[in-house]
Amino acid sequence: MSEVFNGYERQYCDLSASLSKKCSSAVALDGEQKKQKLSEIKSGLENAEALIRKMDLEARSLPPNIKSSLLVKLREFKSDLNNFKTEVKRITTGSLNAAARDELLEAGMADTKTASADQRSRLMMSTERLGRTTDRVRESRKTMMETEDIGVSILQDLNSQRQSLLRAHDTLDGVDDNVGKSKKILTGMTRRMNKNKWTIGAIIIALIAAIIIILYFKLK
């Protein structure tokens, strides 16, 4: 709920109550007193129109979920203002006799009280609806913030897991490099062992041949 709109609303309600009293009293007046009272009423109507314009601008600048409720309330204020304008026209153009004037005064006061009570009831209902809407907005905002916190926590966990996977990948790369080096070393050792095997075999064959030759010459 906009505090600025609430301020304008309080000013309008006070001004509306004042205009109701002035309209009721103007019906019973004559001559200059009546003209002065009508002048005060018209000035009040101008101020009321200015307040309604300000409330309209303020309501339209708010979020849609709040604006719609305030515009409903604003239509009630505009209807109330039109009723005052109609009443002022009746007072201005009226040439009623005393009995009719008294009857109109009593009826006007009764209608004004009824309208004020109805308007007050509608305003209270609108205020309650706006209060419930504001509570729902707060709950939605709270849920959204909680969801956002959960999302941030999940992203942090995923980032931590990603870092762990990257470190594990780097470790595996290091292991692969070491395995490759070990394989090369083992291959080299195998080659040297094969070479040494053939060398030893050749030496043994040479020694056997030498022994045979020596024995041949001794036995001859």
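Small disclaimer: the values here were computed from a predicted structure and weren't measured.

Novice: Which parts of the structure should I look at to understand the overall build of the chain?
Specialist: Looking only at helices and strands, one finds four helices and zero strands in the chain. Start at the N end of the chain and walk to the C end: the helices and strands fall as α-α-α-α. Counting all 220 residues of the chain, 22% fall into the buried class. Within the chain, contacts between residues separated by at least 24 positions form 79% of all contacts whose residues are at least 6 apart in sequence. Accessible surface, the chain as shown: approximately 16200 Å² in total, 59% of it carbon and sulfur.

Novice: Hey, could you run me through the UniProt feature "transmembrane region" (unreviewed entry) in the chain in this one?
Specialist: Under the UniProt annotation, "transmembrane region" (unreviewed entry) lies at residues 198-217. Within the segment residues 198-217, helix and strand shares are 100% and 0% respectively, and the terminal C-alpha atoms sit 29 Å apart.

Novice: Looking at this structure, how should I read the packing of aromatic side chains?
Specialist: Working definition: an aromatic ring pair is given by the centre-to-centre distance plus the angle between the planes. Applying the stated criterion across every chain, the model contains two aromatic pairs. Between Y12 and F77, the ring centres sit 4.9 Å apart and the planes meet at 40°, which makes this aromatic pair tilted. Taken as a pair, Y12 in helix 1 (residues 3-27) and F77 in helix 3 (residues 64-93) lie far apart in primary sequence, 65 residues in all. With centroids separated by 5.6 Å and ring planes inclined at 75°, the aromatic side chains of Y216 and F217 adopt a geometry described as edge-to-face. Note on accessibility: Y216 and F217 belong to one class, exposed.

Novice: Help me out: how do you make sense of a negative patch on the surface in this one?
Specialist: A cluster of acidic side chains, namely D170, D173, D176 and D177, defines a negative patch on the protein surface. With respect to the element layout, D176 can be found in helix 4 (residues 98-219).

Novice: Is there a simple way to explain the pattern of salt bridges in this structure?
Specialist: Oppositely charged side chains are able to pair whenever their charged atoms sit close together. Tallied over the entire structure, the rule returns six salt bridges. Put simply, R90 and E87 hold a salt bridge, and the shortest N to O gap is 2.9 Å. Taken together, the residues R90 and E87, both in helix 3 and three residues apart, mark about one turn of the helix. Residues joined in a network through salt bridges with shared partners are K22, K37 and E40.

Novice: How do you make sense of the nonpolar core when you look at a structure like this?
Specialist: Note that soluble globular proteins tend to have their nonpolar side chains buried in a common cluster. Counting 26 residues, the largest nonpolar core has Y12, I41, L45, I52, M55 and F77 as its most contacted members. Elements that contribute at least two residues to this core include exactly helix 1, helix 2 (31-60) and helix 3. In this structure, I52 is in contact with Y12, L74, F77, K78 and L81, ignoring residues within four places of it in sequence.

Novice: Hey, could you run me through the environment of C13 in this one?
Specialist: By secondary structure assignment, the location of C13 is in helix 1. Judged by relative accessible area, which is 29%, C13 ranks as partly exposed. Distance in space between the C-alpha atoms of C13 and F77 is 8.9 Å, their sequence separation being 64 residues.

Novice: How should I be thinking about the environment of I66 in this particular structure?
Specialist: Relative to the assigned elements, I66 resides in helix 3. The exposure class assigned to I66 is buried, which follows from its relative accessible area of 18%. Separated by 64 residues in the primary sequence, I66 and S2 place their C-alpha atoms 8.8 Å from one another.

Novice: For this particular structure, what's the right way to read helix 2?
Specialist: Because the α-helix completes a turn every 3.6 residues, residues three or four places apart line up on one side. A rise of 1.5 Å per residue sets the reference length of helix 2, with its 30 residues, at 44 Å; its end C-alpha atoms lie 44 Å apart and thus fit the reference within 8%. Those residues of helix 2 not exposed but buried are K34, L38, I41, G44, L45, A48, L51, I52, M55, D56, E58 and A59.

Novice: Help me out: how do you make sense of a nonpolar patch on the surface in this one?
Specialist: A cluster of nonpolar residues, I200, I204, I208 and I212, forms a patch on the protein surface that exposes about 380 Å² of accessible area. Classification of I204 as partly exposed rests on a relative accessible area of 45%.

Novice: Help me understand the confidence of the model for the chain in this model?
Specialist: On average, residues of the chain score 80 in pLDDT, and 78% of them reach the 70 mark or higher. Confidence drops under pLDDT 50 across residues 95-99; counting only partners more than four residues distant or on other chains, this segment forms two contacts.

Rules behind the numbers
- Residues numbered from 1 in each chain as written.
- Predicted model: local features only at pLDDT ≥ 70, side-chain atom pairs only at ≥ 80, totals over all residues.
- Heavy atoms only, no water.
- Helix = DSSP H or I, 4+ residues; strand = E, 2+ residues; numbered from the N terminus.
- Buried < 20%, exposed > 50% of the residue type's maximum accessible area, 1.4 Å probe, protein only.
- Contact = heavy atoms within 4.5 Å.
- Areas by Shrake-Rupley, 256 points an atom, 1.4 Å probe, with all protein chains shown as cover.
- UniProt positions renumbered as here; feature names shortened; annotations may be inferred.
- Phe/Tyr/Trp six-rings, centres within 6.5 Å; stacked < 30°, edge-to-face > 60°.
- Patch = residues over 30% accessible without salt bridge, like charges linked within 9 Å, V, L, I, M, F, W, Y side chains within 5 Å.
- Salt bridge = Lys/Arg side-chain N within 4 Å of Asp/Glu carboxyl O.
- Lys, Arg positive; Asp, Glu negative; His and termini not counted.
- Charge placed at Lys NZ, Arg CZ, Asp CG, Glu CD.
- Core = buried A, V, L, I, M, F, W, Y, C linked by side-chain atoms within 4.5 Å.
- Expected span 1.5 Å × (residues − 1).
- pLDDT = per-residue confidence, 0-100.

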